[in-house]
Amino acid sequence: MIIQQKIREPFGDRVLLYVIYALLALLTLTVLYPLLYILSSSLSSPDAVVSGQVWLFPVEFSMRAYKSIFQSSQLMLGFYNSLVYTVVGTFINVSFTILMAYPLSQKKMAGRSFFMILMMITMFFSGGLIPTYLLVKNLHMLDTRWALWLPGALSVFQVIIARTFFMASIPHELQEAAQIDGCRDIRYLWSVALPLSKPIIAVMTLMYAVGHWNAYFDALIYLRSEHLFPLQYVLRNLLILNAADPEMLANTAQSLRDKGFEQVLKYALIVVACVPVLIMYPFVQKHFVKGVMIGSLKG
Amino acid sequence: MAQTWNRVKQSWELYLLILLPVLYLIIFNYIPMFGVIIAFKDFNVIKGILGSPWVGFKHFHNLFHSPNFPLLIKNTLLISFYSLIAGFPVPILLALALNEIRTGFFKRSVQMITYAPHFISTVVMVSIIILMLSPHVGVVDRVFDFLGFSNINFMGEPGLFKSIYVWSGVWQEMGYASIIYIAALASVDPSLYEAARMDGASRFKKIIHIDLPSLFPIMVTMLILSLGNVMAVGFEKIYLMQNPLNLSTSEVISTYVYKVGLLGANFSFSSAVGLFNSVINLVLLVVVNSIARRVSENSLW
C-alpha cells in the first residue's frame, strides 16, 4: 500500500501536472513565436512577406536586407556610437557604484546613515525632466557624449545590491587581519574586496551595459548632431517614425513592392539590433537571475 | 564628539572613496530637485532659474483648468491600473507553475525563453508591435482577416491602445518578473511539503496552502512598489507607440510634460506638471505603505 502510493500520484495530481505542462508549453510558444516570425520574415523575399506567405519559416530565402543594412553608414555609425556609450558609460556606472557601496557597507564609518539617507531620498524625489535638462544645459553638456554618460551614472538599486553583497559575502575576519597588517581601506577594497566580488561586479556590469545599449530617450532629449546618435535612436527614426507615417498606410499597387522591401528591411533591422544582447544572453542568464535574487535580500 | 572625530580620522579613506559619488548625487540629483522651484516661477532663459520672477501657483492653476487635464489623468490612471491588474498575477502564476515541474531541459527552456524578451529595447519592442499589427502585412492582422474580420488598423484605433500597451508589456516582462517569486519559492522550508504529504494534501492544496502564503510578503512589497509608481507609467514606450490617431487614449502626464516642456519650450508649466505627478506618486507610496503595514505587517519601511 505504502509502496503503491510512492509510485503513483493520485489521479487529480497527475491531471494538474499535465495541465501545468501544457500551459507552460503554450506560454513559451507565445513568447517564442513572434521572435521566430521576425527572424524568418527578415530572411524571406519582399514578395513573400507582403503577400503573407511567411508564417513560421523563411519563404524564398534571401539575405538582401542584411546586405543593405551593412552598407548603411548611418547604421554602422550608430553601432559604433552605442558601443562607445555602453563601454564608457558602464565603466563610469560600475566605478561610481562601487565607490558608493563600499563605504556604505563599513559599519565603522561615522555618518554612514547620513550618506545612506542622502542616497535613498533620490529614489523617491527627483527634479524631473525639465530641471535635469536645464542642469545639463547649464553644464554645457547638451549635444555631447557626456550627456549620455553622467546623468543617471548611479543606480540606487545597484548600490544597495552591491552594499548587501559587501556586507554579507566578505568575511569580517579578512578585514580585521588586513587591518592588523596595516592595510587601509583603499588598498583593502582594491586587493581583497574587489577580487572577492567578481560575481556581483559581473552582474552589475551586465545590467548597466544592457541599459546603455537599449536606451534611446537620453539621446532624444540631449543630442542634436547626427554623428552622435546611438543605434537605438537611429532605429527609432527608421522603424517607428516611418511606420507611424499615415501616408504609408494608403498604399497603391506600385508602392506595394517598394514597401515590401522596406518591411523586410525592418524585420532585419530588429534582428540586427537584438543580436548583441541576445548572443550574450544564454551565457549571462544565470548571473542575471543571481542579481535579482541578491537584490531581493533586504539590505 | 571627540570620539566621532577619531573614527572619522581613522577611516578617512572611506570618505575619500565616497566623495565622488556624493558630489555626483548633489550635482545631478539635488540641484535638479532645487531647480523644481521654476514650477513656481516664470522661467526666463536669460534671467536664469534664480532671477526669474515668482508667480506662485499660476502654472498649477493653469494645469487644473486646462481642458486636457481630465483626459491626462484618466489615461494615466487607466493605463497604470490596467497594467497592474494584468501584469501583477501573471508572473506569480508562472512562478507557481514552474515550481511544480521537475528541473530539466523543459523547465530550463521555459525559463530561458520567457526571460529573453526583457532584454529587448523599447524601440525594438515597439517596432515589433507595429510590424506584427500593421494592416494587410502584419501576422496578427492576417489571422484576424482569416477569422473573418476586416482589416483593422490596430495602432490607429484609440480603443485598442491600452490593451496593446498592457499585453505587450505582460509578454515582455512576465518571465523576468517571475524570477523573484521563483527565488522565494525555492526557499520554502521542505518540511512543510513533507508534513502536507503526510496529511494527504493534493498538489493543488499544497499550492494554495503552502506556496501562495510563502509568496505573500514579496507580493505585498511588489504591490506597494507598483502602486507607488502608478503615475509614472512607461513614458518611453507610450511615447513611441503614439500617433496622431490614438492620442485621445495614449496621451499621459509624462508624454505631455515632454511635449509641452521640451518641444514647446514651456519650461515652467511643464515642471509644474512634473512636480504634480511626483507629489501624487509620493503620497500614494506613503499611503499604500502605511496601509500595508497595518493590514499585513509587511511594508517597505
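Owing to the predicted nature of the structure, the values given are computational and were not obtained by experimental measurement. (Residues numbered from 1 in each chain as written. Chains lettered and ligands numbered in written order. Predicted model: local features only at pLDDT ≥ 70, side-chain atom pairs only at ≥ 80, totals over all residues. Heavy atoms only, no water.)

> Just checking my understanding: could you explain the overall build of chain A for this structure?
A count of helices and strands for chain A gives 16 helices and zero strands. Out of the 299 residues belonging to chain A, those deemed buried represent 50%. Summarising the internal contacts of chain A: among those between residues at least 6 apart in sequence, 71% fall at separations of at least 24. As displayed, chain A offers around 15100 Å² of accessible surface, 68% of which is attributable to carbon and sulfur atoms. (Helix = DSSP H or I, 4+ residues; strand = E, 2+ residues; numbered from the N terminus. Buried < 20%, exposed > 50% of the residue type's maximum accessible area, 1.4 Å probe, protein only. Contact = heavy atoms within 4.5 Å. Areas by Shrake-Rupley, 256 points an atom, 1.4 Å probe, with all protein chains shown as cover.)

> Where do I start with the environment of Arg112(A) in this structure?
In this structure, Arg112(A) sits in helix H6 (residues 112–124). Not counting chain neighbours up to four residues away, the residues in contact with Arg112(A) comprise Pro103(A), Leu104(A), Ser105(A), Gln106(A), Lys107(A), Arg163(A) and Met167(A).

> Is there a simple way to think about helix H2 (residues 11–42) of chain A in this case?
Every α-helical turn comprises 3.6 residues, leaving residues that sit three or four positions apart pointing alike. Residue and element names in this part refer to chain A. An ideal rise of 1.5 Å per residue puts 46 Å on 32 residues; H2 measures up with 47 Å between its terminal C-alpha atoms. In the structure, H2 departs most strongly from a straight axis at Leu 32, where the bend amounts to approximately 30° and where the proline Pro 34 lies between one and four residues downstream. Turning to H2, its buried residues are Asp 13, Leu 17, Ile 20, Leu 24, Thr 28, Val 31, Pro 34, Tyr 37, Ile 38, Ser 40, Ser 41 and Ser 42. (Expected span 1.5 Å × (residues − 1). Bend = angle between axes of the 7 residues up to and from the residue.)

> Is there a simple way to think about the UniProt feature "transmembrane region" (unreviewed entry) in chain A in this case?
Residues and elements named next belong to chain A. When the UniProt feature table is mapped onto this chain, "transmembrane region" (unreviewed entry) is found at residues 15–39, 83–102, 114–134, 146–168, 188–210 and 264–284. As annotated, residues 83–102 comprises 100% helix and 0% strand, and the C-alpha atoms at either end are separated by 28 Å. The span residues 114–134 is 81% helical and 0% strand by assignment, and the distance between its end C-alpha atoms comes to 28 Å. (UniProt positions renumbered as here; feature names shortened; annotations may be inferred.)

> Quick question: what am I supposed to make of the interface of chain A and chain B here?
By a frequent convention, interface size equals the accessible area lost on bringing the separate parts together. Between chain A and chain B, the contact holds 96 residues from the first and 90 residues from the second. Across the chain A to chain B interface the summed buried area is about 8500 Å²; carbon plus sulfur atoms make up 78%. At the boundary of chain A with chain B, the tally comes to zero salt bridges. The interface formed by chain A and chain B holds 12 residue pairs in polar contact (both at pLDDT 80 or more) in total. At 17 residues, H2(A) tops the list of elements feeding residues into the side of chain A that touches chain B. Tallied by class, residues from the side of chain A that touches chain B come to 70 nonpolar, 16 polar and 10 charged. (Buried area = accessible area lost by both parts, 1.4 Å probe. Salt bridge = Lys/Arg side-chain N within 4 Å of Asp/Glu carboxyl O. Polar contact = N/O pair within 3.5 Å; in protein donor to acceptor, adjacent residues only side chain to side chain. Nonpolar A, V, L, I, M, F, W, Y, C, P; charged D, E, K, R; others polar.)

> What is the right way to read the confidence of the model for chain B from this model?
Where the model shows low pLDDT, its predicted coordinates should not be examined in detail. Residue and element names in this part refer to chain B. The predicted model of chain B has a mean per-residue pLDDT of 86, with 98% of residues at 70 or higher. Averaged pLDDT values for the elements of chain B fall to 77 in helix H1 (residues 2–10) and rise to 94 in helix H6 (residues 89–100). Under the prediction, the complex receives an ipTM of 0.84, its pTM being 0.86. (pLDDT = per-residue confidence, 0-100.)

> Would you explain the UniProt feature "domain: ABC transmembrane type-1" (unreviewed entry) in chain B in this entry?
Here the UniProt-annotated "domain: ABC transmembrane type-1" (unreviewed entry) positions come out as residues 73–288 of chain B. This span, residues 73–288 of chain B, is 75% helix and 0% strand, and a straight line between its end C-alpha atoms measures 19 Å.

> Hey, could you run me through the UniProt feature "transmembrane region" (unreviewed entry) in chain B in this one?
UniProt marks residues 12–40, 77–98, 119–139, 174–193, 214–235 and 267–292 of chain B with the feature "transmembrane region" (unreviewed entry), using the numbering shown here. Structurally, residues 174–193 of chain B comprises 85% helix and 0% strand, and the distance from its first C-alpha atom to its last is 27 Å.

> In this structure, what is going on with the nonpolar core? I would like to understand it.
For soluble globular proteins, nonpolar side chains are generally found buried alongside one another. One finds Met100(A), Met119(A) and Leu235(A) to be the most contacted residues of the largest nonpolar core, which totals 189 residues. Broken down by element, the residue count for this core peaks at 14 residues, all from helix H10 (residues 161–186) of chain B. Contacts of Leu235(A), omitting those with residues within four sequence positions, involve Leu75(A), Ile240(A), Leu269(A), Ala273(A), Val123(B) and Val124(B). (Core = buried A, V, L, I, M, F, W, Y, C linked by side-chain atoms within 4.5 Å.)

> Got a minute to help me understand empty space enclosed by the protein in this structure?
Rolled over the atoms, a probe with the dimensions of a water molecule shows which regions are left empty. All chains considered together, the criterion is met by two cavities of 30 Å³ or more. The space that makes up the largest cavity amounts to roughly 110 Å³. Tyr102(A), Ser105(A), Gln106(A), Lys107(A), Phe166(A), Met167(A), Ile170(A), Pro171(A), His172(A), Gln175(A), Tyr188(A) and Ala193(A) are the residues that line the largest cavity. Elements that contribute at least two residues to the lining of the largest cavity include exactly helix H9 (156–169), helix H10 (172–180) and helix H11 (185–196) of chain A. In this structure, the second largest cavity encloses a volume near 40 Å³. Forming the walls of the second largest cavity are Trp213(A), Asn214(A), Gln232(A), Ala273(A), Cys274(A), Val277(A), Phe119(B), Ile120(B), Ser121(B) and Val124(B). For the lining of the second largest cavity, the secondary structure elements donating two or more residues are helix H12 (198–214) and helix H16 (253–296) of chain A. In terms of residues, the lining of the second largest cavity owes the most to one element, H16(A), which gives three residues. Within the lining of the second largest cavity, the residues separate by chemical class into seven nonpolar, three polar and no charged. (1 Å grid on protein atoms, 1.4 Å probe; cavity = no way out; pocket = protein on both sides within 12 Å on 5 of 7 lines; lining within 4 Å. Points joined across faces, edges and corners; volume = space filled by probe spheres on them.)

> Help me understand a nonpolar patch on the surface in this model?
On the surface, Leu36(A), Leu39(A), Trp55(A), Leu56(A), Phe57(A), Val143(B), Phe146(B), Leu147(B) and Phe149(B) cluster together to form a nonpolar patch covering roughly 940 Å² of accessible area. Contributions of two or more residues to the nonpolar patch are made by H2 of chain A together with helix H9 (139–146) of chain B. Position of Trp55(A) among the secondary structure elements: in the loop between helix H3 (46–50) and helix H4 (64–71). (Patch = residues over 30% accessible without salt bridge, like charges linked within 9 Å, V, L, I, M, F, W, Y side chains within 5 Å.)

> Teacher, can you tell me more about the environment of Gly200(B) here?
Looking at the element boundaries, Gly200(B) is found in the loop between helix H11 (190–198) and helix H12 (203–227). Along the backbone, Gly200(B) and Pro217(B) are 17 residues apart, and their C-alpha atoms lie at a distance of 27 Å.

> Even after reading the chapter, I still don't get the pattern of salt bridges, so can you show me in this structure?
Opposite charge on two side chains lets them pair, provided their charged atoms get close. Residue and element names in this part refer to chain B. Summed over all chains, the structure comprises four salt bridges over all chains. Lys 58 is paired through a salt bridge with Asp 42; the nearest N and O atoms lie 3.0 Å apart. Placement of Lys 58 in helix H4 (residues 58–64) and of Asp 42 in the loop between helix H2 (12–35) and helix H3 (48–51) is noted, with a sequence separation of 16 residues between them. Here Arg 203 and Glu 100 are joined by a salt bridge, their closest N and O atoms 2.7 Å apart. Taken as a pair, Arg 203 in helix H12 and Glu 100 in helix H6 lie far apart in primary sequence, 103 residues in all. Look at Arg 203 and you get buried, because its relative accessible area is 11%.

> Explain the packing of aromatic side chains to me, please; I cannot follow it from the model alone.
Both the distance between ring centres and the angle between the ring planes are used here to describe each pair of aromatic rings. All names here are of chain A. Going through the model one piece at a time under the given rule, you end up with 32 aromatic pairs over all chains. When the ring of Tyr 216 is compared with that of Phe 217, the centres are 6.4 Å apart and the planes differ by 75°; the resulting orientation is edge-to-face. For the residue pair Tyr 216 and Phe 217, the accessibility class agrees, reading buried in each case. Where Phe 229 meets Tyr 233, the ring centres are 4.2 Å apart and the plane angle is 45°; that geometry is what we call tilted. (Phe/Tyr/Trp six-rings, centres within 6.5 Å; stacked < 30°, edge-to-face > 60°.)

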